[in-house]
Amino acid sequence: MKLSKAQYDEIAQFLGHVQPTRQSLRKLKERFPSQSQSTLLSIFSQEYQKQIKRTHAKHHTAEAIETYYQRYLSGVMQNAAAPVLLELANEVDFAPSLMARIVLERFLQEQEGTIPSKILINSMLRDPSQIPDGVLANQVYQCTVNDCCYGPLVDCIKHAIGHEHEVLLREMLLKKNLSFLAEEQLRAKGYDKTPDFILEVPVDLVLD
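Counting starts from 1 at the beginning of each chain's written sequence and moves along it residue by residue. Where local features are concerned, this predicted model is filtered to residues with pLDDT of at least 70; where side-chain atom pairs are given and counted, the filter is 80 or more; whole-chain, interface and lining totals use all residues. Each side-chain value is derived from all of the structure's non-hydrogen atoms; neither hydrogens nor water enter the calculation.

Trainee: How would you summarise the overall build of the chain if you had to cite specific residues and measurements?
Mentor: Under the DSSP-based scheme used, a helix requires at least four consecutive residues in state H or I and a strand at least two consecutive residues in state E, with every element numbered from the N terminus. The number of helices and strands found in the chain is 10 helices and two strands. Ordering the α and β elements of the chain from the N terminus gives α-α-α-α-α-α-α-α-α-β-α-β. Principal-axis analysis of the C-alpha atoms places the extent of the chain at approximately 65 × 45 × 25 Å. A total of 208 residues make up the chain; the buried ones form 35% of that total. Within the chain, contacts between residues separated by at least 24 positions form 53% of all contacts whose residues are at least 6 apart in sequence. Only the protein chains shown count as cover for residues, and the accessible areas themselves come from Shrake-Rupley with a 1.4 Å probe. Carbon and sulfur atoms make up 55% of the accessible area of the chain, which amounts to about 13400 Å² in all. Only protein chains enter the area calculation, which uses a 1.4 Å probe; residues under 20% of their type maximum are buried, those over 50% are exposed, and those in between are partly exposed. Contacts were defined at the residue level, with two residues in contact if any of their heavy atoms lie within 4.5 Å.

Below you can see the structure in the form of structure tokens.
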């Protein structure tokens, strides 16, 4: 089903009034039942990422980072079981996984006295059990599993989908008896850019 610009704009406008959560995805499907789930998810992700890029800088000022960290500490002191980081991220319209990253980095900096490496941060986000504070580990976990567009869980899903499409494309090329070079072959030949496949012989496509 072809999506018109007016339909896209209507969906995008609706997204401007909801939180970036899985619950909002359900609301989106209820509001636009004629659109497929994959279409709505794609628009949801695209519009949400645009918003995050526009506001990314303001969430990473020294003042903002300290404010978020102190609010986290105050929140878990009152109720350690409450989803403090997740609610904070939703309140300030920021991706939960990115909020978790900010607070985790600030926590480790306070603990170690130095800025933690990106490798360490990424490892702890992928496996929160590595975080040396059980409460923060649980808070980070809640953020990553409830983030629809960012974080290690989303990265795994995107990687799996990308691999599935690569397999389907390979099967299609083989079925059509088209000669091609795969990514690993291009890399072995020293190509700077290595897409999944390159046709060895160009073909004409006739689109209806």
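Now that the structure is up, let's keep going.
Trainee: Describe the packing of helix H4 (residues 62-78) against helix H6 (residues 96-112), listing the residues and the values that go with them.
Mentor: Only the stretch in contact is used when fitting a helix axis, every axis being a line fitted to C-alpha atoms; angles between N-to-C directions are given from 0 to 180 degrees. At a minimum axis separation of 10 Å, H4 and H6 run at an interaxial angle of 85°. Taken together, H4 and H6 sit at an angle that is classed as roughly perpendicular. Packed against H4, whose contacting residues are Ile65, Glu66, Tyr68, Tyr69 and Tyr72, the element H6 presents Met99, Ile102, Val103, Arg106, Phe107 and Glu110 at the interface. As a working rule, the residues Ala, Val, Leu, Ile, Met, Phe, Trp, Tyr, Cys and Pro are called nonpolar, Asp, Glu, Lys and Arg charged, and the rest polar, with Gly in that last group. Counted by class, the contact of H4 with H6 contains eight nonpolar, no polar and three charged residues. Here the angle decides the label: under 35 degrees means roughly parallel, over 145 means roughly antiparallel, 65 to 115 means roughly perpendicular, and every other value means oblique.

Trainee: How would you sum up the confidence of the model for the chain? Please name residues and give values.
Mentor: A residue's pLDDT is the confidence the predictor assigns to it, expressed on a 0 to 100 scale. Model confidence for the chain is summarised by a mean pLDDT of 86, while 96% of its residues fall at 70 or above. When pLDDT is averaged over each element of the chain, H4 comes out on top at 96 and helix H9 (residues 152-175) at the bottom at 79.

Trainee: Which residues make up the side chain of histidine 59, and what values do they have?
Mentor: Within the secondary structure layout, histidine 59 lies in the loop between helix H3 (37-55) and H4. Looking at histidine 59, its side chain comes within polar contact range of the side chain of tyrosine 68, at 2.7 Å. Discounting residues that sit within four places of it in the chain, histidine 59 has contacts with Ala64, Ile65, Tyr68, Val92, Asp93, Phe94 and Ile102. Two N or O atoms form a polar contact when they lie within 3.5 Å of each other; inside protein one atom must be a possible hydrogen donor and the other a possible acceptor, and for residues adjacent in sequence the pair counts only when both atoms belong to side chains.

Trainee: Go over the packing of aromatic side chains with me, naming the residues and quoting the values.
Mentor: Given two aromatic rings, one states the distance between the centres and the angle between the planes to describe the pair. Two rings belonging to Phe, Tyr or Trp (six-membered ring only in the last case) form a pair when the distance between their centres is within 6.5 Å. Interplanar angles under 30 degrees mark stacking, angles over 60 mark edge-to-face geometry, and anything in between is tilted. Evaluated as defined, the whole model comprises four aromatic pairs. Ring geometry for phenylalanine 180 and phenylalanine 197: centres 5.2 Å apart, planes at 90°, overall edge-to-face. Of this pair, phenylalanine 180 sits in strand S1 (residues 180-182) while phenylalanine 197 is found in strand S2 (residues 197-199), placing the two residues 17 residues apart along the sequence. Note on phenylalanine 197: relative accessible area 12%, which makes it buried.

Trainee: An account of the pattern of salt bridges is needed here, citing residue identities and associated values.
Mentor: When a carboxyl oxygen of Asp or Glu is within 4 Å of a side-chain nitrogen of Lys or Arg, the pair counts as a salt bridge. Per the stated rule, a full pass over the model turns up eight salt bridges. Here glutamate 66 and arginine 106 are joined by a salt bridge, their closest N and O atoms 2.9 Å apart. Separated by 40 residues along the polypeptide, glutamate 66 in helix H4 and arginine 106 in helix H6 bring together distant segments of the chain. Judged by relative accessible area, which is 16%, arginine 106 ranks as buried. Here glutamate 110 ties to arginine 106 by a salt bridge, and the two come within 3.8 Å at their closest N and O atoms.

Trainee: Quick one: what's the story with the packing of helix H5 (residues 84-91) against helix H8 (residues 134-145), residue by residue and with numbers?
Mentor: Contact geometry of H5 with H8 gives a least axis separation of 7 Å together with a crossing angle of 45°. As the angle between them shows, H5 and H8 are arranged oblique. Of H8, the residues touching H5 (which contributes Val84, Leu85 and Leu86) are Leu136, Gln139, Gln142 and Cys143. Among the residues forming the contact of H5 with H8, the class breakdown is five nonpolar, two polar and no charged.

Trainee: Any chance you could break down the nonpolar core for me, citing the residues and the numbers?
Mentor: Among buried residues, the Ala, Val, Leu, Ile, Met, Phe, Trp, Tyr and Cys ones that are joined through side-chain atoms within 4.5 Å form a nonpolar core. By size, the foremost hydrophobic cluster in this structure holds 44 residues, and its most contacted members are Tyr72, Met99, Leu104 and Leu136. Elements supplying a minimum of two residues to this core: helix H1 (5-15), helix H2 (22-31), H3, H4, H5, H6, helix H7 (118-126) and H8. At eight residues, H6 tops the list of elements feeding residues into this core. Ignoring anything within four residues of it in the chain, the contact list for methionine 99 reads Tyr68, Leu85, Leu88, Ala89, Val92 and Phe94.

Trainee: Let's hear about unusual backbone geometry: which residues, and what values?
Mentor: Of note in the backbone geometry, aspartate 93 takes a positive phi value of approximately 55° without being a glycine. As for its placement among the helices and strands, aspartate 93 is situated in the loop between H5 and H6. Its identity as a non-glycine residue notwithstanding, asparagine 177 has a phi of 60°, on the positive side. Mapped onto the secondary structure, asparagine 177 falls in the loop between H9 and S1.

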